[in-house]
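The chain contents come next:
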Amino acid sequence: LKSLLLERVVSFPNYPDKHKLDSLLTADDLVAYRARLGRMPKVKPTGVLFCLERGLPHRMRWRIPVERAGAMNADVFAVKKTKGRVAVLTSFGGGSPIVMELAEELAVMGTKKMVLMTWGGTLQTDTKPGDIIVCNQAIRDEGASHHYLPHTKYINADASLVNELVAAIRARGAQCIVGTTWTTDAPYRETREEVIQYQAEGVKTVEMESAGLFTVGQVRAVQTASVVIGMDSLASLRWQTPERLDNIMHSLEVVYTAAIDVLAQP
């Protein structure tokens, strides 16, 4: 009996070759259904910014005017100066599953470039609140990406989009570093052992979305990248929070403007 039970133990997902199988529901189906109901956003952007700081488009509206263009499990704002080429998505919660759902639908709608901007935990002792990290790869410690691709430890961002973001951020007088992020589904299960290991490997940050977005980018042939602004820290093997948010808010504004300019490029 014990041997039979052991034979039934399988790794996640339960179908290891699931990524090779056809899905009963696709993003193409859902977008077509929304279109039939007349519930599509009034914009078809070629570039999209996923903005976890939901109030930022409103706060920045005097510098970068936006107009609400509808909803799709997120609030959708069209950036006026781009004449609809760039949209900003906010208020979609967080985590790889919702970002991947939205990214797939946007890819069907014709989006070719997607950038995620968020705040995250820092893992290295030399990283401070407000530091900007452009992520060139992510550790796939979440569940959703493994339904799409065979298991690997890392998934890469688009190298050219990463380079464009770095250049745009530095052109605004801000410093940034490029490095690996750790994407997890479980923010309350970030363990001492994992942090020590990832510190030794040079991993810069921990957050919840990048690996999922990069996976959709690979599957849907869309350019994807993410930018993490340092918020809290696990570098000392205990949770530490900043006394003030000034540097963080300034960095969010820098990345927001830089990302929109990059996404507006043909």
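Residues numbered from 1 in each chain as written. Predicted model: local features only at pLDDT ≥ 70, side-chain atom pairs only at ≥ 80, totals over all residues. Heavy atoms only, no water.

Undergrad: Whenever I open this one, the overall build of the protein chain confuses me. Can you help?
TA: Secondary structure assignment for the protein chain yields eight helices and 10 strands. On C-alpha atoms alone, the protein chain measures out to a radius of gyration of 19 Å, which is about the 18 Å that the 2.2 N^0.38 rule sets for 266 residues. With the principal axes as the frame, the protein chain shows a C-alpha extent of 70 × 50 × 30 Å. Across the 266 residues of the protein chain, 48% fall into the buried class. Sequence-distant contacts in the protein chain: of pairs separated by 6 or more residues, those separated by 24 or more amount to 77%. Computed over 31 positive and 29 negative side-chain charges, the inter-centroid distance for the protein chain is 6 Å. (Helix = DSSP H or I, 4+ residues; strand = E, 2+ residues; numbered from the N terminus. Rg over C-alpha atoms; globule rule 2.2 N^0.38 Å. Buried < 20%, exposed > 50% of the residue type's maximum accessible area, 1.4 Å probe, protein only. Contact = heavy atoms within 4.5 Å. Lys, Arg positive; Asp, Glu negative; His and termini not counted. Charge placed at Lys NZ, Arg CZ, Asp CG, Glu CD.)

Undergrad: So what exactly am I meant to see when it comes to helix 7 (residues 210-220) here?
TA: Since the α-helix advances by 3.6 residues per turn, residues separated by three or four positions end up pointing in the same direction. Of all 11 residues that make up helix 7, eight are buried, and the element is covered over most of its length. Along helix 7, the positions that sit buried rather than exposed are Ser 210, Ala 211, Gly 212, Leu 213, Phe 214, Thr 215, Val 216 and Gly 217. Positive backbone phi, at 55 degrees, marks Ala 221, one or two positions downstream of helix 7.

Undergrad: Looking at this structure, how should I read the pattern of salt bridges?
TA: As a working rule, side chains carrying opposite charge can pair if their charged atoms are close by. Tallied over the full model, the rule gives 11 salt bridges. Close ionic contact of Arg 34 with Glu 105 constitutes a salt bridge, the shortest N to O distance being 2.8 Å. Of this pair, Arg 34 sits in helix 2 (residues 27-37) while Glu 105 is found in helix 4 (residues 96-109), placing the two residues 71 residues apart along the sequence. By the burial criterion, Arg 34 is buried, and Glu 105 matches it. The structure contains a network of salt bridges with shared partners spanning Asp 28, Glu 104 and Arg 220. (Salt bridge = Lys/Arg side-chain N within 4 Å of Asp/Glu carboxyl O.)

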